[in-house]
Amino acid sequence: MATRIKILTSLAICAALVLVLLPFTAADGGGGAKGAAPFDYKKALHSSLLYFEAQRSGHLPHNQRVKWRGHSGLADGLQQGVDLVGGYYDAGDNVKFGLPMAFTVTMLSWSAMEFADDIAAAGEWRHVLEAIKWGTDYFVKAHTEPYVLWAEVGDGDTDHYCWQRPEDMTTSRQAYKVDSDNPGSDLVGETAAALAAASMVFRRSNPHYAQVLLHHAEQLFEFGDKYRGKYDSSIGEAYSYYASVSGYGDEMLWAALWLHRATGKASYLDYAVDMADEFGGTTWAITEFSWDVKYAGLQILATKVLLEGKHPEHKATLEKYKAKAEHYLCACLNKNGDAGNVNRTAGGMLFVRQWNNMQYVTNAAFLLTVYSRYLTSAGQELPVLQCPDGPGHADELRALGRAQTDYVLGANPAGVSYLVGYGQRFPRRMHHRGASIVSHRGDGRFIGCMQGYDNWFLRRGSNPNVVVGAIVGGPDHLDRFRDRRDNYMQTEACTYNTAPMVGIFAHLHGETAITEKS
């Protein structure tokens, strides 16, 4: 994983990053053509869930389907006297970063809630539960005391010095925590949101586990609110990789809305209303949604409450949330006028910034689709988005969400699937340590820190292992993509790129099946 401080949000000043990018050529990955449709969304869903198995840390289960991976990080936390074995590696490195991991689990859980029937119909419900539980089991272990949450295992600086399979790690596995003296409300709030969302997913099949998750979520929310502060101020090692540029206000509002949805307790909704202005929920108009900036997502959650009409006493504040949610949606639809739109490439991809732009594309596809469903459920299929450049329709949101999904799968000028392992033409040289080195099952010899760079990173050939289901950073503003291992801005994949697509792939498969029957 490359330095995440460069993944800037709209709240930060973008640095000028220059990279000469070449088109993806046939020699880079095989055949393929623009817009090869119809897409096999069921296969895409199946692939996306395999990706989370490839990113697992810890002792792998007997039913592990990604066979080129093995056990790793089995002593995580031992140095600090706590069991931190498990969880996910965020991207192509071997560090466990709590903030993006928690956001990944939140989005997996939201996908499972919104599209449960579609996921089940595609035969993937068990695998979705397994993907979520691999994360929530880790969070429960990491929350060792009411006001203690272990935030990170390993550090990016030492990890990036080496190029090793996770099974061979010799880098530091130092663990870092936030507590009452060193707070981290953003990390704590996101973890509370993840556990609250996941508790709803497990409520029917495993009610005891669901209650355990909810108990931790409520404790974490109290922790984040009582001891306020940014986690990257407490843990300097996180700042260069996953800096919380947006602060902690968005995560605390996000957590409150998820806890309200999970518990039905009025106090959490009251919190989201009372703190709406101070924490930016009704003041920040944002044109992106990511592991750092949650405003658009929480504004849509608040709007759902408004559309349901269950809390008229909060209508005035919820209307303000709705206005900000619509700012994001109108920006995606290119109907925001002078208020600002999300840029688009000539090929139609929403473009926020050149570093891992696909995270913004996949998150946008999810929010567009989910909000269209909320509008439809509320009986508001007529023009209801009040955009500066004219009203927006629910079907426009759905269509744009699908168009972004299809772009990911190959409906783009390069004819490339940015979902690894899908189709004939996809990135073969992902920036990913485990994928780029021969599997330990095929060659059990130890591969040292610099040996990995010398013998594997610098190779021109395709990676020996395919990280099926990973969504890479994707092309630039001119729809150009360069499939090189050292082009980490474009060829590195992250768990939070794929997580929102689990629900979207299932939804589109369900829609396609209905269309074919009719």
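Residues numbered from 1 in each chain as written. Predicted model: local features only at pLDDT ≥ 70, side-chain atom pairs only at ≥ 80, totals over all residues. Heavy atoms only, no water.

In the annotation of an unreviewed UniProt entry, the entry for the protein chain reads Endoglucanase, and the organism field reads Triticum aestivum. The UniProt entry for the protein chain carries the following text under Catalytic activity (unreviewed entry): "Endohydrolysis of (1->4)-beta-D-glucosidic linkages in cellulose, lichenin and cereal beta-D-glucans." (UniProt positions renumbered as here; feature names shortened; annotations may be inferred.)

Draft legend 1. Here's a closer look at the overall build of the protein chain. Tallying secondary structure elements over the protein chain gives 19 helices and 7 strands in all. A compact globule built from 518 residues would reach a C-alpha radius of gyration of about 24 Å, and the protein chain, at 21 Å, matches this within 12%. Burial status across the protein chain gives 62% buried among its 518 residues. Taking as baseline every contact in the protein chain between residues at least 6 positions apart, the subset at least 24 positions apart corresponds to 76%. Across the protein chain, the mean location of the 49 positive side-chain charges is 6 Å away from that of the 56 negative side-chain charges. (Helix = DSSP H or I, 4+ residues; strand = E, 2+ residues; numbered from the N terminus. Rg over C-alpha atoms; globule rule 2.2 N^0.38 Å. Buried < 20%, exposed > 50% of the residue type's maximum accessible area, 1.4 Å probe, protein only. Contact = heavy atoms within 4.5 Å. Lys, Arg positive; Asp, Glu negative; His and termini not counted. Charge placed at Lys NZ, Arg CZ, Asp CG, Glu CD.)

Draft legend 2. Representation of the pairing of strand E2 (residues 148-153) within the structure. The element E2 is extensively covered by neighbouring structure, given that 6 of its 6 residues are classed as buried. Two elements, strand E1 (residues 96-97) and E2, share 2 bridges in a ladder whose sense is antiparallel. Within E2, the residue paired with Lys96 across the bridge is Val153. In terms of strand pairing, E2 meets strand E3 (residues 175-179) through 5 bridges, oriented antiparallel. Residue pairing in the sheet places Val148 in a bridge with Asp179 of E3. (Pairing = 2+ DSSP bridges.)

Draft legend 3. Local environment of the packing of aromatic side chains. Tallied over the entire structure, the rule returns 30 aromatic pairs. A ring pair is formed by Phe115 and Phe366, whose centres lie 6.2 Å apart and whose planes are at 80 degrees; its orientation type is edge-to-face. Remark: Phe366 occurs in helix H14 (residues 358-377) and Phe115 occurs in the loop between helix H2 (98-114) and helix H3 (116-121); sequence separation between them is 251 residues. Side by side, Phe115 and Phe366 carry an identical accessibility label, which is buried. Ring geometry for Tyr248 versus Phe279: centroids 5.9 Å apart, planes at 80 degrees, classification edge-to-face. Placement of the pair is Tyr248 in the loop between helix H9 (236-239) and helix H10 (249-263) and Phe279 in the loop between helix H11 (266-274) and helix H12 (295-308), with a sequence separation of 31 residues. Classification of Tyr248 by relative accessible area gives partly exposed; the value is 22%. Take Phe279: its relative accessible area is 6%, and that puts it in the buried class. (Phe/Tyr/Trp six-rings, centres within 6.5 Å; stacked < 30°, edge-to-face > 60°.)

Draft legend 4. How the structure looks around the environment of Ala346. With respect to the helices and strands, Ala346 occurs in the loop between strand E4 (343-344) and strand E5 (350-351). Assessed through its relative accessible area of 85%, Ala346 is described here as exposed. Sequence separation of Ala346 and Leu478 is 132 residues, and the distance between their C-alpha atoms is 6.8 Å.

Draft legend 5. Broad picture of the packing of helix H6 (residues 185-202) against helix H7 (residues 207-226). Closest axis-to-axis distance for the H6/H7 pair is 8 Å, and the angle between their directions is 160 degrees. Considering their axes alone, H6 and H7 lie roughly antiparallel with respect to each other. Where H6 crosses over H7, the handedness of that crossing is left-handed. Listed contacts from H7 to Ser185, Val188, Thr191, Ala192, Leu195, Ala196, Ala198, Ser199 and Phe202 of H6 are Pro207, Tyr209, Ala210, Leu213, Leu214, His216, Ala217, Leu220, Phe221, Phe223 and Gly224. Of the residues that constitute the contact of H6 with H7, the class distribution is 15 nonpolar, 5 polar and no charged. (Axes fitted to C-alpha atoms, helices over the stretch in contact; angles between N-to-C directions. Parallel < 35°, antiparallel > 145°, perpendicular 65-115°, else oblique. Left-handed = near helix turned anticlockwise from the far one by under 90°. Nonpolar A, V, L, I, M, F, W, Y, C, P; charged D, E, K, R; others polar.)

Draft legend 6. Examining the UniProt feature "active site" (unreviewed entry) in the protein chain more closely. Here the UniProt feature "active site" (unreviewed entry) sits at His431. With a relative accessible area of 6%, His431 lands in the buried category.

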